[in-house]
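So the chains spell out like this:
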Amino acid sequence: MTLRLGDTAPDFKAETTEGPISFHDYISDSWAILFSHPKDFTPVCTTELGLAAQMKPEFDARNVKLIALSVDSIEDHKGWALDIAEVQGCALNFPIISDADKSISEKYGMIHPNENETLTVRTVFVVGPDKQIKLMITYPMATGRNFDEILRVIDSLQLTAEHKVATPAGWKEGEDVIVIPSISDDEAKQMFSEGFRAEKPYLRFVQDPRNKKAQAA
Ligand code: BEZ
């Protein structure tokens, strides 16, 4: 099955380093990041899991739960977690799924046979509280993920879910955002009291609405 943005993230039951879970129950009313790793006791994955653990406060602040996956066993995950804590200076603080029968990897298209026949590549799925897939990124085996970029997209996803705006290239939280094209100028004037800056009729910038709220508080 090919998953696409807006699809419901397939639900599954799994064994994890923190006990059995049901994915949709695990997400509950949070956002979630499900990310796969080729193999335990490998160098790039070690740095990725350590960095994700260090950044957990950033994910918590955005109501995002992390959950990792590889096809190795829970025993291997637990042994590897000790190495990650030692090398990266931060203990794992989110579960890792053991997908030994590859059933989850197959549902999510995490195995790309022309890259590797048996191991998962580095996929990232961001799932919303509505359980829909909001973002999919696939990295090759030899390239570690950029978690700052994933956080940046989550900021955009959460902002654009709440306000009728889109975020420009390279946008970071607090910077000006774009009024979506389906909003007329008259509607935009009502919606954004400080007005908008039109560089073209279709390219209208406003202050980040959450920034404005923070200033008013
Ligand atoms: C790694 O995580 O370091 C890795 C895993 C599989 C292939 C290449 C690198």
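Provided above is the structure to which this section pertains.
Conventions we followed
Residues numbered from 1 in each chain as written. Predicted model: local features only at pLDDT ≥ 70, side-chain atom pairs only at ≥ 80, totals over all residues. Heavy atoms only, no water. Helix = DSSP H or I, 4+ residues; strand = E, 2+ residues; numbered from the N terminus. Expected span 1.5 Å × (residues − 1). Buried < 20%, exposed > 50% of the residue type's maximum accessible area, 1.4 Å probe, protein only. Arc of directions from axis to C-beta. Contact = heavy atoms within 4.5 Å. Near = heavy atom within 4 Å. Polar contact = N/O pair within 3.5 Å; in protein donor to acceptor, adjacent residues only side chain to side chain. Areas by Shrake-Rupley, 256 points an atom, 1.4 Å probe, with all protein chains shown as cover. Nonpolar A, V, L, I, M, F, W, Y, C, P; charged D, E, K, R; others polar. Pairing = 2+ DSSP bridges. Phe/Tyr/Trp six-rings, centres within 6.5 Å; stacked < 30°, edge-to-face > 60°.

Trainee: So what about helix 4 (residues 74-88)? Which residues, and what values?
Mentor: When the terminal C-alpha atoms of helix 4 are compared, their 20 Å separation across 15 residues agrees well with the 21 Å that a helix rising 1.5 Å per residue should span. Among the residues of helix 4, those classed as buried are Ile74, His77, Trp80, Ala81 and Ile84. Angular distribution of buried residues about the axis of helix 4 spans 120°; they occupy a single face of the element. Exposed side of helix 4, more than 90 degrees from the buried face: Glu75, Leu82, Glu86 and Val87 are the residues found there. Its buried side turned inward, helix 4 meets strand 1 (13-16), helix 2 (43-54), strand 4 (64-70) and strand 5 (96-98). Taken from the residues just after helix 4, Gly89 is the one with a positive phi, measuring 70°.

Trainee: Quick one: what's the story with the site of the ligand, residue by residue and with numbers?
Mentor: Around the ligand, a shell composed of Pro38, Thr42, Pro43, Val44, Cys45, Arg122 and Met141 is seen. Pro43 is positioned such that a nitrogen or oxygen atom in its backbone is 3.1 Å from an oxygen atom of the ligand. Take Cys45: an N or O atom from its main chain is 2.9 Å from an oxygen atom of the ligand. Considering the ligand on its own, with 260 Å² of exposed area, one finds that the protein chains cover 76% of that surface. The element that contributes the greatest number of residues to the shell around the ligand is helix 2, accounting for three residues. Along the lines of polarity and charge, the residues of the shell around the ligand split into five nonpolar, one polar and one charged.

Trainee: Can you break down the sheet that holds strand 9 (residues 177-179) residue by residue, with the values?
Mentor: Sheet architecture is open: four strands sit in the order 8-9-11-10, paired in antiparallel fashion. In this open sheet, the two strands that pair with only one neighbour each are strand 8 (165-166) and strand 10 (197-200). Note that strand 9 and strand 11 (residues 203-206) share two bridges and pair antiparallel. When the sheet's bridge partners are listed, Val177 is paired in strand 11 with Val206.

Trainee: Could you give an account of the packing of aromatic side chains, naming the residues involved and the relevant values?
Mentor: Inspection of every chain in the model, using the stated rule, returns seven aromatic pairs. Measuring from centroid to centroid gives 6.5 Å for Phe23 and Tyr108, while their planes differ by 85°, and the two rings are edge-to-face. Taken as a pair, Phe23 in helix 1 (residues 23-27) and Tyr108 in the loop between helix 5 (103-107) and strand 6 (122-127) lie far apart in primary sequence, 85 residues in all. Of the residues examined, Phe23 reaches a relative accessible area of 0% and is grouped as buried. With 6.5 Å between their ring centres and 50° between their planes, Phe41 and Trp80 make a pair best called tilted. Of this pair, Phe41 sits in the loop between strand 3 (31-36) and helix 2 while Trp80 sits in helix 4; the two residues are 39 residues apart in sequence, bridging distant segments of the chain. On the basis of relative accessible area, Phe41 is assigned to the partly exposed category, the value being 45%. Taken together through their ring pairs, the aromatic side chains of Phe12, Phe23, Tyr108 and Phe125 make up a single cluster.

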